[in-house]
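Descriptive structure summary
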Amino acid sequence: MVSFDYGEETRLLVDAFEEFVDREVVPVAAELDDRLTNPRKGREADGRPSPEVVDAVEEVRRLSADAGYYAMNLPESAGGGGVSTVTWYAAKKAAAAHECPLAGRALAGPEGPKPLLLDADEEQHERFVRPVVEGRKSTAFAQTEPGAGSDSPAMATTARKEGDEWVIDGQKQWITNAPFADFVQVFARTSPVEESGRYDGITCFIVEADEFELTGINNAIGVGGWQGELAFDGVRVPEDRVLGEVGEAFRSAMAFLSLGRLELGAEAVGTTERLLDAGFEYAGEREAFGRPIGDFQQVSAALARGRARSYAADAAGLRCAWKLDEGERAVEDTSIFKWFATNALWETADSVLQVHGSTGLAEGGEFATALERARVLRVVEGTDEIQLNTVARENGL
């Protein structure tokens, strides 16, 4: 029988990571008071995070990179730690379960070195990838467009070859970290669908921040003003900015989709566990009608259902991570996990907020913020509907 226990090495590493967060990250967050959670205090007029918040996030990123945690999931040859996917899952979950709102920033997210960057050649690696791995720079994954979200192969952004340059035209939106990225990875169609088919003919380009226009901030709930709209109006980049092979970027990106879904599922599980800890504690202490509210069946059952969902989601996530470590695609597994874990968080966040009553509704409070984030997680990296469609397709429908 296969055991899905973390193993001693993973447990020790996660313990060390949590100690790092307590020692290095918590003090950084404490200096900001409630500017990390209160949108009225931590945002600029256009909705983007204040300079103080951005500086704190960048400091945490550098501290974590220096300590060896930030990109520890990447191969050692790329500057990472070469840890297993199981270890990365456990660390991502632990970061989300931590009370510090900056804990998650200590591990690479959309702004960090994703596996697609492993397609970089040696020169690109030194110029672009290494600074991101080391936490000195950040990036963004620019694929979503106004008319192409889940159906990303239908993107309208194009790039045409002129001499030894590529000319990029198009728009991107809802791009996480776009307002602060030193460079973005832009997906553009380099040959028409009629010639290459839907999934080929898409190329990824490295475009630096001073080469495109940031046309707006996308103020989505649960994201905190970190997303932006980008415009590429005849942007010219040299041949050496092509990341990977011409026409193969979409397939390369999809090859790493399972990892992205695992990461978001891990965030959902960790957040669910944190909320449940708060919910059970509050239900045992808060009294109404002469006894703890946890004595009332509707309260206790709501929390128990959340615990059952969290237990099942964590088991599924660990199984997915193990399969990825074994070299399996785990497409169906990670789609099931992402759908189940994010919906478990959504339902549990709502229940825990309800248990806290009016206190749970406080703007910028832990429970309202978690509910907003839970709603975001059901959309990004593939909507609920996309996950279920994937499961159906993997089973022959």
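My aim in this report is to walk through the structure given alongside it, one point at a time.

Conventions used here
Residues numbered from 1 in each chain as written. Predicted model: local features only at pLDDT ≥ 70, side-chain atom pairs only at ≥ 80, totals over all residues. Heavy atoms only, no water. Salt bridge = Lys/Arg side-chain N within 4 Å of Asp/Glu carboxyl O. Helix = DSSP H or I, 4+ residues; strand = E, 2+ residues; numbered from the N terminus. Buried < 20%, exposed > 50% of the residue type's maximum accessible area, 1.4 Å probe, protein only. Expected span 1.5 Å × (residues − 1). Contact = heavy atoms within 4.5 Å. Core = buried A, V, L, I, M, F, W, Y, C linked by side-chain atoms within 4.5 Å. Pairing = 2+ DSSP bridges.

**What to know about the pattern of salt bridges**
Side chains that differ in charge, positive against negative, can pair when their charged atoms come close. According to the stated counting rule, one finds 26 salt bridges in the structure shown. Asp 333 is the partner of Lys 323 in a salt bridge, and the nearest nitrogen-oxygen pair spans 3.0 Å. On the criterion of sequence distance, the pair formed by Lys 323 in helix α8 (residues 297-325) and Asp 333 in helix α9 (residues 331-356) is long-range, its members being 10 residues apart. Of the two residues, Lys 323 and Asp 333, both sit in the buried class.

**Re the side chain of Gln 143**
Inspection of the secondary structure puts Gln 143 in the loop between β1 (139-142) and β2 (158-162). On the basis of relative accessible area, Gln 143 is assigned to the buried category, the value being 10%.

**Section: α9**
Along its 26 residues, α9 runs 37 Å from first to last C-alpha, staying within 8% of the 38 Å computed at 1.5 Å per residue. Where α9 terminates, the next one or two residues include Gly 357, which has phi positive at roughly 65°.

**Structural notes on the environment of Phe 17**
With respect to the helices, strands and loops of the structure, Phe 17 is situated in helix α1 (residues 8-30). Residues Phe 17 and Ala 142, spaced 125 residues apart in sequence, show a C-alpha to C-alpha distance of 30 Å. Among residues more than four places away in sequence, those in contact with Phe 17 are Tyr 69, Ala 91, Ala 95, Ala 103, Ala 106 and Leu 107.

**So, the environment of Phe 187**
Checked against the element boundaries, Phe 187 lands in strand β4 (residues 183-189). When the C-alpha atoms of Phe 187 and Val 355 are compared, they prove to be 44 Å apart, with 168 residues separating the residues in sequence.

**Some thoughts on the nonpolar core**
Counting residues in hydrophobic clusters, the biggest one holds 61 residues, and the most contacted among them are Phe 17, Tyr 89, Leu 102, Leu 107 and Leu 262. The element that contributes the greatest number of residues to this core is helix α7 (residues 257-285), accounting for 11 residues. Leaving out residues up to four positions away in the same chain, Leu 102 has contacts with Val 25, Val 28, Ala 29, Leu 36, Ala 56, Val 57 and Val 60. Counting 22 residues, the second largest nonpolar core, distinct from the first, contains Leu 74, Ala 120, Ile 206 and Ala 253.

**Things to note about the pairing of strand β3 (residues 165-176)**
Bridge analysis of β2 against β3 gives five bridges, and the strand direction is antiparallel. The residue of β3 that forms the bridge with Thr 158 is Asp 169. The hairpin formed by β2 and β3 contains two residues between the paired strands, and Gly 163 there has a positive phi angle of roughly 65°. For β3 and strand β7 (residues 227-238), the ladder comprises 10 bridges, and the chain directions are antiparallel.

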